[in-house]
Amino acid sequence: MSLLLMAPALLLLLAVFLWPMLDYAWLSLQAQTVFTGLKPVPVGLANWERLLGDGRFWQDAAQTLRFAVVSVGLELLLGLAIALLLHQSWRGRGLVRSLSLLPWALPTTVMALGWRWILNDPNGPINGVMQSLGLPSLPFLASTQLAWLAVVLADTWKTTPFVALLLLAGLQMIPTDLYEAFALEGGRPWQGLRRITLPLLRPYVLIALIFRLAQALGVFDLVAVLTGGGPASSTETLALYAYLNAMRFLDFGYSATVMLGMFVLLLASALLLVLAQQRWRGARP
Amino acid sequence: MQSAALGGSEPGCDLRPAARQAWFAVGLGLGLALALLWGGLAWAGRPTTVRLLMPAPFADATAELVESFNREHRGLRIAVTRGPFETESVSDLAISSLLLGDSPYDLLLMDVTWTAKYAAAGWLLPLDDWLGPEPLAPLVAGARAGNIIDGNLWRVPMVADMGLMYWRTDLMAAPPRTPTELVAISERLQRQGKVRWGYVWQGRQYEGLSCVFLEMLRGFGGNWESSGEGLGTPAATKAASWLRQLIVKGISPAAVANFAEPEALQSFEAGEAAFMRNWPYAWQELQGPSSRVAGKVGVTMMVAEVGEPPAATQGSWGLSVLAGSRHPAEAVQVLQALTGEASQRLLVQRWGYSPTLTALFDDPALVAERPLLPILQNALESVALRPLNPGYAQLSDILQRQLSSVITGELEPALAMERAGRGSQLLLEASGRGSEQ
């Protein structure tokens, strides 16, 4: 009976998740390129061999991972700080709460175009300020180190509100009498943060982490618009590489292989995260 | 049903029910037949619509032509879809629809580099049987190349495009001819404080960088062969390291590594630079009200080492009929109208787009009106073609990636170009289009 009730949901999952995955797995065993006239030709594991030896895939994987870890880390820290601030009651809080959601509400493409202009060298406002202070203008999007920072900055700016919102919801679920009891027992406020707030917020942190990591590891639109993957492919992510292979190079077999490779890496990170969470839970009775 | 209920006894309604039903049926039948006839006539009289996807700037430039075509042709209508501004975004849009199998477009305005790819994918209709003998004969030689691939004609060019060097006539008597001269003049003008930068160009990791590079590769005596080879050569290393040195010596801003055409134009238009590499469209912009260099700009060919002919990368946009079109005959008719002499004349007069027809370059009245034409014709005679390979997008991507590493100082030119050469070699071998062909 329970299986019957679950059937619609299961079928939907199979249709939107398993079927495309199987299709990709099949495609990754074919050469379907512009050279084969877009017709699939079975090539065994050739695409997978190419993936393992493809320095660009691994470089992009490292770049994607580095981007995800740094930007999600920053977003968690900033999001927690903002959530704590918005949880306190002060005048004008409602207005600030709504305003702080603004970056999250903007479409990524619009936001990325905005940053592209802000960071423009030499005509963007940031470089305008630099020049008026007598400092040299910075080629933000023309230098491999700065372009990477720019992508992290733009992503953090946009998605911190999302994290803050999730954590704020978590904070509001914590009963206030816990803090009162803690204060009665002589606990100090900052101890309360460590002993009550953070442990009780843990499930919300985990949800935010999983949502954001999955998004960050698959980041495409922000990078495509802000840097196009350049300069010197230093901001190219795996999603962008898979897209290039499919839409620009018309190499669908290899694009599917890159997507599956990316999926394996994503799965591995999610698994690591769950394991870490279990150890974390185990460490505290 | 009783007659009483139908009010049979009332005056004027003395028909019996059966007769009423018969009359009703006849009326209904007649009405239906009339409606069908009218609908059928309207259907037959409805104009055939030819759908055409173009990048936004061309949709704007041809709006007038399309409007007058639609006025003059009763049974045929052109519906233009205004695509994105960026070249590759237009291709993405077209490819997305083509991959779904049933493309809504009959015609596509194509960049020269897409032709081989689209033809190999089977998306284009060969035009040989539709256009009569020698359809490209009225075109200047440089505009003919890149439309016939593997013996079939896939595209008819509407406007030509070639890389040019813009220079400031108020700052020097004659433009530089060699890379060394360009550097020397730039350094002198920068020292004198006449300009902030010497030379602005397109250094972003995108197709424009390949175009800039091809001109310099030719200028240093190398070539990007139509097979896709020629990147791992000493000439390629010289060209790449010359571009890098421009930034090292401060002749080009470091930001040039993120410059596309609009950024270079913006800088040159503001009077910041002595030289700019750009396409013919820039001329019109530089004479506009927002330009600080109007009337002070000359146009010439890109610099080349002594003994090497200067080169201009061939751009050009042309029309192709998609293989899935349901109205190929009408699509060809539209193609002929939009690539014809009247259309090209208006595009150069009003918008400054370079024609492809010899007749227009030879028209003294038009040349008097558009003094740039002889320079464009000259450039068209020495155009450099990018490889006509279905895998061109990937070849160019390999080159762009390595060049971008050189320009940002991440890699030594020799090593980067060796990698570009090896990368393209691997691709060509894997695709069965290696050097054995």
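Residues numbered from 1 in each chain as written. Chains lettered and ligands numbered in written order. Predicted model: local features only at pLDDT ≥ 70, side-chain atom pairs only at ≥ 80, totals over all residues. Heavy atoms only, no water.

Peer 1: Explain the overall build of chain B to me, please; I cannot follow it from the model alone.
Peer 2: In terms of regular secondary structure, chain B is built from 18 helices and 13 strands. Relative to the compact-globule value of 22 Å for 437 residues, chain B shows a C-alpha radius of gyration of 29 Å, a clear excess of over 25%. Counting every position in chain B, which comprises 437 residues, the buried fraction comes to 54%. Here the analysis covers contacts within chain B between residues at least 6 apart in sequence; of these, 74% occur between residues at least 24 apart. Charged side chains of chain B number 34 positive and 43 negative; the gap between the two group centres comes to 5 Å. (Helix = DSSP H or I, 4+ residues; strand = E, 2+ residues; numbered from the N terminus. Rg over C-alpha atoms; globule rule 2.2 N^0.38 Å. Buried < 20%, exposed > 50% of the residue type's maximum accessible area, 1.4 Å probe, protein only. Contact = heavy atoms within 4.5 Å. Lys, Arg positive; Asp, Glu negative; His and termini not counted. Charge placed at Lys NZ, Arg CZ, Asp CG, Glu CD.)

Peer 1: How should I be thinking about the pairing of strand S10 (residues 297-300) of chain B in this particular structure?
Peer 2: When a strand is regular, its side chains alternate between the sheet's two faces. Residues and elements named next belong to chain B. Because side chains alternate across S10, one face comprises the buried residues Val 297 and Val 299, and the other comprises Gly 298 and Thr 300, equally buried. Strand direction decides the pairing type here: strand S7 (residues 164-168) and S10, joined by four bridges, are antiparallel. Within S10, the position partnered with Tyr 166 by the bridge is Val 299. (Pairing = 2+ DSSP bridges.)

Peer 1: Would you take a moment to explain the interface of chain A and chain B for this structure?
Peer 2: When the parts of a complex come together, some accessible area is lost, and that lost area is often taken as the interface size. Counting from both sides, the interface comprises 30 residues of chain A and, opposite them, 32 residues of chain B. Of the roughly 2600 Å² buried between chain A and chain B, counting both surfaces, carbon and sulfur atoms make up 53%. Among the residues of chain A in contact with chain B, A:Phe35, A:Met247 and A:Arg248 are the three that bury the most area, contributing 24% of the side total. At the boundary of chain A and chain B, one finds three salt bridges. (Buried area = accessible area lost by both parts, 1.4 Å probe. Salt bridge = Lys/Arg side-chain N within 4 Å of Asp/Glu carboxyl O.)

Peer 1: When you look at unusual backbone geometry in this model, what are you seeing that I'm missing?
Peer 2: Both trends apply: most residues other than glycine have a negative phi, and most peptide bonds are in trans. Residue and element names in this part refer to chain A. Looking along the chain, the bond that leaves Asp 121 and enters Pro 122 is cis, with omega of 10°. Position of Pro 122 among the secondary structure elements: in the loop between helix H6 (108-118) and helix H7 (125-132). Here Gly 230 and Pro 231 are connected by a cis peptide whose omega angle stands at -10°. Among the structural elements, Pro 231 can be located in the loop between helix H11 (221-226) and helix H12 (238-248).

Peer 1: How should I be thinking about the layout of surface pockets in this particular structure?
Peer 2: Unoccupied space between atoms shows up once a probe the size of one water molecule is rolled over them. Taken as a whole, the second largest pocket spans an internal volume of roughly 1200 Å³. What lines the second largest pocket is a set of 45 residues, among which A:Arg50, A:Asp54, A:Tyr241, B:Gln394 and B:Ile398 lie closest to the centre. Elements supplying a minimum of two residues to the lining of the second largest pocket: strand S1 (30-31), helix H2 (46-53), helix H3 (55-87), helix H8 (144-173) and helix H13 (252-283) of chain A together with helix H17 (392-407) and helix H18 (413-430) of chain B. Of the residues in the lining of the second largest pocket, the class split is 15 nonpolar, 19 polar and 11 charged. (1 Å grid on protein atoms, 1.4 Å probe; cavity = no way out; pocket = protein on both sides within 12 Å on 5 of 7 lines; lining within 4 Å. Points joined across faces, edges and corners; volume = space filled by probe spheres on them. Nonpolar A, V, L, I, M, F, W, Y, C, P; charged D, E, K, R; others polar.)

Peer 1: Help me understand the pattern of salt bridges in this model?
Peer 2: Opposite charge on two side chains lets them pair, provided their charged atoms get close. All names here are of chain A. Evaluation of the coordinates by the stated rule reveals 17 salt bridges over all chains. With a closest N to O distance of 3.2 Å, Arg 50 and Asp 251 form a salt bridge. Of this pair, Arg 50 sits in helix H2 while Asp 251 sits in the loop between H12 and H13, and the two are 201 residues apart along the sequence. Exposure remark for Arg 50: the relative accessible area of 31% places this residue in the partly exposed category. The exposure class of Asp 251 is buried, given its relative accessible area of 8%.

Peer 1: Teacher, can you tell me more about H6(A) here?
Peer 2: Residues spaced three or four apart along an α-helix point in a common direction, a consequence of the helix completing one turn every 3.6 residues. All names here are of chain A. Turning to H6, its buried residues are Thr 108, Met 111, Ala 112 and Trp 115. Buried residues of H6, viewed axially, fall in a sector of 100°; they line one side. Of the surrounding secondary structure, the elements contacted by the buried residues of H6 are H8 and H11. (Arc of directions from axis to C-beta.)

Peer 1: How should the sheet that holds S10(B) be read in this particular structure?
Peer 2: Hydrogen bonds between backbone atoms are what pair the strands of a sheet, whose relative direction is either parallel or antiparallel. Residues and elements named next belong to chain B. Reading across the sheet, the four strands line up as S8-S9-S7-S10 and stay open at both edges, with mixed pairing between neighbours. Since the sheet does not close on itself, it has two edges, and those belong to strand S8 (197-200) and S10, each with one partner. Between one strand axis and the next, the sheet turns by 15° as a mean value, whatever way the strands run. Across the sheet, helix H10 (residues 261-269) lies against S7, S8, strand S9 (273-278) and S10, angled at about 155° from S9, the strand it touches most. (Axes fitted to C-alpha atoms, helices over the stretch in contact; angles between N-to-C directions.)

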